Amino acid sequence: MTTITVNGEPHHSSTQPSVADLVEKILGVRIAPDGTLPDGTTLGIAVAVNSVVIPRADWGHNHLVDDDAVEIVSATQGG
């Protein structure tokens, strides 16, 4: 079993999910391996694994391993 921390909370998986798999699970929306939605648009989020930002194009190829720390942040507007 793989245990990762997502935004400070533990998450368990029977596999080593990709970043795209994790985002899909957390947000409940289908994510392509390149980080896009089915209509080709993108979400206003960024993902860092162990303090390294993962480029959206790499989400499907970057697999998480036990004890990884993941931060998912969303863009906000305001001033």
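Residues numbered from 1 in each chain as written. Predicted model: local features only at pLDDT ≥ 70, side-chain atom pairs only at ≥ 80, totals over all residues. Heavy atoms only, no water.

**Some points on the nonpolar core**
One recurring pattern in soluble globular proteins: nonpolar side chains tend to sit buried together.
Then step 1. Counting 17 residues, the largest nonpolar core has Val23, Val47, Trp59 and Val70 as the members making the most contacts within it.
Then step 2. Listed by contribution, the elements that provide at least two residues to this core are β1 (2-6), α1 (19-27), β3 (45-49) and β5 (69-74).
Then step 3. The element that contributes the greatest number of residues to this core is α1, accounting for 4 residues.
Then step 4. Apart from the residues within four sequence positions on either side, Trp59 is in contact with Ser18, Val19, Ala20, Val23, Ile31, Pro33, Gly35, Ile45, Val47 and Ile54. (Core = buried A, V, L, I, M, F, W, Y, C linked by side-chain atoms within 4.5 Å. Buried < 20%, exposed > 50% of the residue type's maximum accessible area, 1.4 Å probe, protein only. Helix = DSSP H or I, 4+ residues; strand = E, 2+ residues; numbered from the N terminus. Contact = heavy atoms within 4.5 Å.)

**Re the sheet that holds β3**
Then step 1. Across the sheet, 5 strands lie side by side as β2-β1-β5-β3-β4; this open sheet has mixed pairing. Either end of the sheet is taken by a strand with one partner, and the two such strands are β2 (9-13) and β4 (52-53).
Then step 2. Against the sheet, α1 makes contact with β1, β2, β3 and β5, and its axis sits at roughly 125 degrees relative to β3, the strand it touches most. (Pairing = 2+ DSSP bridges. Axes fitted to C-alpha atoms, helices over the stretch in contact; angles between N-to-C directions.)

**Brief notes about unusual backbone geometry**
Then step 1. Unusually for a residue other than glycine, Asn7 sits at a positive phi of about 50 degrees.
Then step 2. Tracing the sequence through the fold places Asn7 in the loop between β1 and β2.
Then step 3. Overall, Asn7 belongs to the partly exposed group, its relative accessible area being 39%.
Then step 4. Its identity as a non-glycine residue notwithstanding, Asn50 has a phi of 50 degrees, on the positive side.
Then step 5. Mapped onto the elements, Asn50 comes out in the loop between β3 and β4.

**Describing the environment of Thr15**
Then step 1. Counting through the fold element by element, Thr15 comes out in the loop between β2 and α1.
Then step 2. With 13 residues separating them along the chain, Thr15 and Thr2 place their C-alpha atoms 6.4 Å apart.

**Overview of the pairing of β2**
Then step 1. Where β1 meets β2, 5 bridges bridge the pair, whose relative direction is antiparallel. Across the sheet, Val6 pairs through a bridge with Glu9, a residue of β2.
Then step 2. Hairpin connection, β1 to β2: the antiparallel pair is bridged by 2 residues, and Asn7 has positive phi, about 50 degrees.

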